[in-house]
Amino acid sequence: MSANIIDGKAFAATVRQKVASKVADLKETHSIIPGLAVVLVGEDPASQVYVRSKGKQTIEVGMNSFEHKLGVDTSEEVLLALIDELNADPSVHGILVQLPLPSHVDESLVTNHIAPEKDVDGFHIANVGLLGTGQQSMVPCTPLGCLLMLRDYHGSLSGKNAVVIGRSNIVGKPMAQLLLNESCTVTIAHSRTKDLADVVRRADIVVAAVGRPEMVPGDWIKPGATVIDVGINRVDAGDSKTKLVGDVDYASCAAAAGAITPVPGGVGPMTIACLLANTVTACCRINNVSGEDFLL
Ligand code: NDP
């Protein structure tokens with residue numbers, strides 16, 4: 001068997017198109033331009049790349065992008081004061097504080113300082129609680145991207161056995177919650193799970209969010225299952241070169257699976273597309289404008 005490849009890059013382009021057309025509609029019909037503020041503290045090179053890419057894509061879909069770059073020594077007080085300003089600014093509908101933050105700053109304090117309705121990362125405790133109780137919330141971008149691809153490929157997910165490997169607050173737990181809300185039977189596996197191979201073999205849907213290169217081999221995959229690989233791991237490719245690989249061994253998993261996301265070009269591109277989509281959703285809700293279901 002050779003799996004269907006779920007092309008996250010192409011799917012993300014479709015999501016961005018839907019976002020751009022909703023943005024145009026908001027401008028024309030309501031004279032509103034959605035705005036996304038991204039706050040970067042320090043000069044972590046990977047974070048700088050993400051923030052640049054977010055700003056560029058925000059502008060490409062017609063939204064306003066506000067970038068706030070603060071020095072690595074910025075105090076918690078100054079950062080919280082900036083968030084207060086952004087919370088009160090009517091031209092800002094989404095606020096994202098790029099993680100990780102320097103160690104002298106309390107990440108959860110900062111995350112929970114963002115107004116929940118502008119929390120486009122979906123990390124605020126209020127949004128976590130709303131998602132956990134199946135209510136309308138802002139949904140973390142990476143799991144949302146995975147869900148959109150799964151829904152697009154399968155239609156209904158109801159009754160499927162889903163195994164999420166990883167229980168982080170930003171990927172594993174919200175992913176499991178989303179799948180539960182879709183009426184999947186969900187198992188969350190983690191580093192203490194006994195006989196992970198056996199657990200994964202029962203899954204119709206496997207979401208790997210572990211951070212260990214190519215950890216899941218093909219003989220763990222039930223024939224025909226769908227594999228969503230969230231992992232982004234940079235590994236040695238010889239000749240002083242590096243390459244990106246996921247958390248699953250792509251070749252052997254693709255041989256067993258019915259469908260699989262590649263790395264790169266799978267979940268990664270969907271994350272920023274979903275950030276843009278969340279900003280439009282937040283903008284619609286804040287302004288009481290209908291049509292936040294523009295992605296459907
Ligand atoms: P974390 O390190 O926060 O969590 C990893 C999880 O994997 C933990 O729950 C851990 O278990 C579990 N784990 C570790 N080792 C094993 C093992 N041997 N067997 C089973 N479970 C194990 O990572 P994140 O959730 O933040 O990220 C996961 C991956 O996804 C990373 O590669 C990251 O780069 C990538 N990522 C990709 C994104 C994208 O846009 N595509 C966005 C975010 C992340 P325990 O809790 O017991 O320690």
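Above this text you will find the structure in question.
Reading guide: rules and limits
- Residues numbered from 1 in each chain as written.
- Predicted model: local features only at pLDDT ≥ 70, side-chain atom pairs only at ≥ 80, totals over all residues.
- Heavy atoms only, no water.
- Helix = DSSP H or I, 4+ residues; strand = E, 2+ residues; numbered from the N terminus.
- Rg over C-alpha atoms; globule rule 2.2 N^0.38 Å.
- Buried < 20%, exposed > 50% of the residue type's maximum accessible area, 1.4 Å probe, protein only.
- Contact = heavy atoms within 4.5 Å.
- Areas by Shrake-Rupley, 256 points an atom, 1.4 Å probe, with all protein chains shown as cover.
- Lys, Arg positive; Asp, Glu negative; His and termini not counted.
- Charge placed at Lys NZ, Arg CZ, Asp CG, Glu CD.
- Near = heavy atom within 4 Å.
- Polar contact = N/O pair within 3.5 Å; in protein donor to acceptor, adjacent residues only side chain to side chain.
- Nonpolar A, V, L, I, M, F, W, Y, C, P; charged D, E, K, R; others polar.

Trainee: Explain the overall build of the chain here, please?
Mentor: Scanning the chain from N- to C-terminus turns up 10 helices and 11 strands. By the compact-globule yardstick of 19 Å for 296 residues, the chain fits well, its C-alpha radius of gyration being 19 Å. Here the C-alpha coordinates of the chain stretch approximately 50 × 40 × 35 Å along the principal axes. The burial tally for the chain puts 48% of its 296 residues in the buried class. Excluding contacts between residues fewer than 6 apart, the proportion of contacts in the chain whose partners are at least 24 apart in sequence is 69%. Carbon and sulfur atoms make up 51% of the accessible area of the chain, which amounts to about 13600 Å² in all. Taking the 24 positively charged and 32 negatively charged side chains of the chain as two groups, their mean positions are separated by 6 Å.

Trainee: What am I meant to see in the site of the ligand here?
Mentor: Close to the ligand lie 23 residues; Arg 167, Ser 168, Ser 191, Arg 212 and Thr 271 are nearest. Here His 190 contributes a backbone N or O atom positioned 3.5 Å from a nitrogen atom of the ligand. Notes on the ligand: free accessible area 930 Å², of which the protein chains cover 70%. Counting residues per element, the shell around the ligand draws most heavily on helix 10 (residues 267-286), at 3 residues. Here the shell around the ligand is composed, by residue class, of 10 nonpolar, 10 polar and 3 charged.

Trainee: I keep staring at the environment of Trp 220 and nothing clicks. Help me out?
Mentor: Here Trp 220 shows up in the loop between strand 7 (205-208) and strand 8 (226-229). Sequence separation between Trp 220 and Ser 53 is 167 residues; the distance between their C-alpha atoms is 35 Å. Not counting residues up to four positions away in its chain, the partners in contact with Trp 220 are Leu 196, Ala 197, Val 200, Arg 201 and Met 215.

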